[in-house]
Structures are given as structure tokens and as C-alpha cells.
Amino acid sequence: MAVVDWRGAESGVTTDLQGSGGTFDPKATGRVYTGTYSYRTNPTGANLGWFAIGGISSTGVPTTDSSANKGFAFVFYYDTKPSSNSEEIMVIRQGSNDRFSIRINSSGQLQFHDTSNMTSNTPLATGSTTLVAGRAYLITGKVTVGAGTATALIKVNNVTEYNGSSLNTGATNFTLVILGKRSNRNSQDVDFYYDDIVVDDTNEPSHQRIIRLPANGVSGTNQWTVVPSGSADHTQVDETPPHDSDESYVQSTGTANDTALFTFA
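Each chain has its residues counted from 1, running along the sequence as written. For this predicted model, a pLDDT threshold of at least 70 governs which residues receive local features, and a threshold of 80 or more governs which side-chain atom pairs are given and counted, while totals over whole chains, interfaces and linings are taken from all residues. Computation of side-chain values: all heavy atoms of the structure, hydrogens and water removed.

> So what's going on with the overall build of the protein? Residues and values would help.
Along the backbone of the protein there are zero helices and 21 strands. Against the compact-globule benchmark of 18 Å for 265 residues, the protein has a radius of gyration of 20 Å, which places it among compact chains. Judged by the C-alpha coordinates and their principal axes, the protein covers about 60 × 35 × 30 Å. In the protein, which comprises 265 residues, the proportion classed as buried is 47%. Long-range contacts, defined as pairs at least 24 residues apart, comprise 65% of the intrachain contacts of the protein with a sequence gap of at least 6. Here the Shrake-Rupley method, with its probe set to 1.4 Å, supplies the accessible areas, and only the displayed protein chains count as covering residues. Accessible surface, the protein as shown: approximately 11,200 Å² in total, 44% of it carbon and sulfur. In this tally Asp and Glu are treated as negative and Lys and Arg as positive; neither His nor the chain ends contributes. The atom standing in for a charge is NZ when the residue is Lys, CZ when it is Arg, CG when it is Asp and CD when it is Glu. Side chains of the protein carry 17 positive and 25 negative charges; the gap between the two charge centres is 10 Å. Secondary structure elements follow DSSP: runs of H or I no shorter than four residues count as helices, runs of E no shorter than two count as strands, and numbering proceeds from the N terminus. For a compact globule the rule gives 2.2 Å times the number of residues to the power 0.38, and the radius of gyration it is set against comes from C-alpha atoms. Only protein chains enter the calculation, and the probe is 1.4 Å; a residue is then buried if its accessible area is under 20% of its type maximum, exposed if over 50%, and partly exposed in between. We call two residues in contact when some of their heavy atoms are within 4.5 Å.

> Any chance you could break down the sheet that holds strand β2 (residues 19-22) for me, citing the residues and the numbers?
Think of it this way: DSSP has to see at least two bridges between two strands before they count as a pair. Strand order in the open sheet formed by seven strands is β2-β5-β16-β9-β10-β11-β12, and the pairing between neighbours is antiparallel. The sheet is open, and its two edges are formed by β2 and β12 (125-126), each paired on a single side. Bridge count between strand β10 (residues 97-105) and strand β11 (residues 110-114): five bridges; the pairing is antiparallel. By the bridge assignment for β11, Ile102 is matched with Phe112.

> Provide a residue-level description of the environment of Asp196, including the pertinent values.
When you line up the elements, Asp196 lands in strand β17 (residues 191-200). With 194 residues separating them along the chain, Asp196 and Ala2 place their C-alpha atoms 17 Å apart. Setting aside residues up to four positions removed in sequence, Asp196 forms contacts with Arg7, Gly8, Tyr33, Thr34, Ala73, Phe74, Val75, His207, Gln208, Arg209 and Ile210. Polar contact is defined as a pair of N or O atoms within 3.5 Å, subject to the rule that within protein one atom must be able to donate a hydrogen and the other to accept it, and that residues adjacent in sequence are counted only when both atoms are side-chain atoms. A polar atom in the side chain of Asp196 sits 2.8 Å from the side chain of Thr34. Among the polar contacts listed, one links the side chain of Asp196 to the backbone nitrogen of Ile210, at a separation of 3.2 Å.

> Tell me about the packing of aromatic side chains, residues and numbers included.
The aromatic pairing rule takes the rings of Phe, Tyr and Trp, using the six-membered ring of Trp, and pairs them if the centres are within 6.5 Å, calling planes under 30 degrees apart stacked, those over 60 edge-to-face and the rest tilted. Summed over the entire model, instances satisfying the criterion amount to nine aromatic pairs. Through successive ring pairs, a cluster of aromatic residues spans Phe24, Tyr39, Phe51, Phe72, Phe74, Phe76, Phe192 and Tyr194. The rule is short: NZ of Lys or CZ of Arg within 6 Å of the ring centre and within 35 degrees of the ring normal puts a charge over the ring. Cation over ring: Arg182 sits above Trp50, and NZ or CZ is 4.1 Å from the ring centre.

> Account for a nonpolar patch on the surface, with residues named and values stated.
A cluster of nonpolar side chains, contributed by Val3, Trp6 and Ile56, occupies part of the molecular surface with about 250 Å² of accessible area. Within the secondary structure, Val3 sits in strand β1 (residues 3-7). To count toward a patch, a residue needs a relative accessible area over 30% and no salt bridge; like charges are then connected within 9 Å, while nonpolar side chains (Val, Leu, Ile, Met, Phe, Trp, Tyr) are connected within 5 Å. A pairing counts as a salt bridge when a side-chain nitrogen of Lys or Arg comes within 4 Å of a carboxyl oxygen of Asp or Glu.

> Which residues make up the pairing of strand β13 (residues 137-144), and what are the values?
Among the eight residues of β13, seven are classified as buried, and the element is accordingly described as predominantly covered. Of the pairings in the sheet, the one linking strand β8 (residues 69-80) to β13 comprises eight bridges and is antiparallel in character. Residue pairing in the sheet places Lys70 in a bridge with Val143 of β13. Summarising the sheet, β13 and strand β14 (residues 146-156) pair through five bridges and their orientation is antiparallel. Directly across from Ile139, in β14, lies its bridge partner Val156. In this structure, the hairpin formed by β13 and β14 is closed by a connection of one residue.

> Requested: an account of unusual backbone geometry, with residues and values cited.
The phi torsion at Asp196 lies on the positive side, around 50°, for a residue other than glycine. If you check the backbone angles, Asn257 has positive phi at about 70° while not being a glycine. As for its position among the elements, Asn257 is in the loop between β20 (250-251) and β21 (260-264).

This is the structure in C-alpha cells:
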């Protein structure tokens, strides 16, 4: 198993996401499972609200992740579900192409779609669990690539909700997991929250509680400086969201092997 990205909304910013759009709040507090913040998407009518998770590059920035498997785990709440028909809560994409999606319908049940019926209101299957407003649900799963040979296993609170085979998710590797209402299917108002998200390129990941450990002191060696000037200490690196002013980060003076060590909560 290889985790390629994880997000708990604790940064309070969008720069650590692969993308986002529409009605989206990266530091929501209405429904939080772990930590201080969660992600909220609450578009109305035909409007959208979404955010994308791919992977992390070797330089530490968000990027797409090309893999023949997408495993995922996230905590999901809703305050408003579609009043009729259904809308997506998650979609797996290859580039700009939808390959597999999970919707929630007006009864609070999950529905599952592959490439062959992505735009249809007739799902591959409808789950048996009725999700209740304001309650946290752990949704986990794994979907594979395949043109008629793909599989999908989706669980709610560790109980199998859907186990499908011979699915059509295309022959090209997946790149993104997108949460929220990325495409308008039925012009329904929705209000969704997400927390503790893990994406894996091999298997279904286990649930992880993602929290923030802020710096709360300097630990010994302190050879970096505050931008634009001054001595580095933990108050320059403990903000949420980060980089709230020119003096909220530290950097090396340019001397080889300069070090700044901090303690954490």
C-alpha cells in the first residue's frame, strides 16, 4: 500500500490541494471530525462546489497521481442532501474524464456509477445504508482501471456497501479523486462536509485521524532568520492559515547546513 496524499483541512488554505472550485470552504467548522477544520461544499441549484486530491511531488507540492488503482478513505457528513434524484459526493477522474462516482440520493442512500452510465440517473447499484443528516460516516474503498474488467469495493463504516466487477472505468490510469459536486447532475442544493481524507494508489487505506501539530518553541539550534529580518522563533511558523504576512516564515541565511529546530505541540 502506498499513500499518495492525505488532507485534514487543518492548513485552512487551498494551496495544498490539486484544485478546487465553486462554492467551497477549506476551513469549515460546522462539522469537524478531527482537529479544527473540515472541507465544506454547499452549492445551490446547478452550481458546483468541489476540491481535488492527487498526490504530492518530490518537491512537496500537490500534483496529479497516475495509477491503475485508487483507494480512498474519508469522513463524510451532509446537512442537505438532494431533495430529488441525486448528486455526486465523489468522483474518480482520468484527466478531465469522469471514470467512477459515488452519489447520494434524496433518500440518503449512496449510488454508484461508472463510465458507461455516468450521466444517467440509473446507477449500477444503490447502497442499503441510509445516511442521516449531521452524522459522521467513514467511506472507504478501492476502484481499479479497466474497460469492462474493472472492480469497485465501497464500504460505509467498514461494512461493504457495494462490490462490483466487470465495470467500465476506462483503460487509462486514474489521476485524481475529487470530492464534492464536481458536475451538475440534477440541479439540487447540497451541503457536504469532508474530513480526514487519505488517497492510496494501491489499496483501500485505513482511516487516519489527521491533526495539526503547531510549533510551540525553539529547540536548540536556530541558525535561520525571519523574512525580512530578525531571529527565527516558533511564532513565525505557527499560524493557521500559513503565510499570513511577510514575516510569517523563516529561511536559511544561505550558509551550508544552516539549521532551525522547533518543538511541537
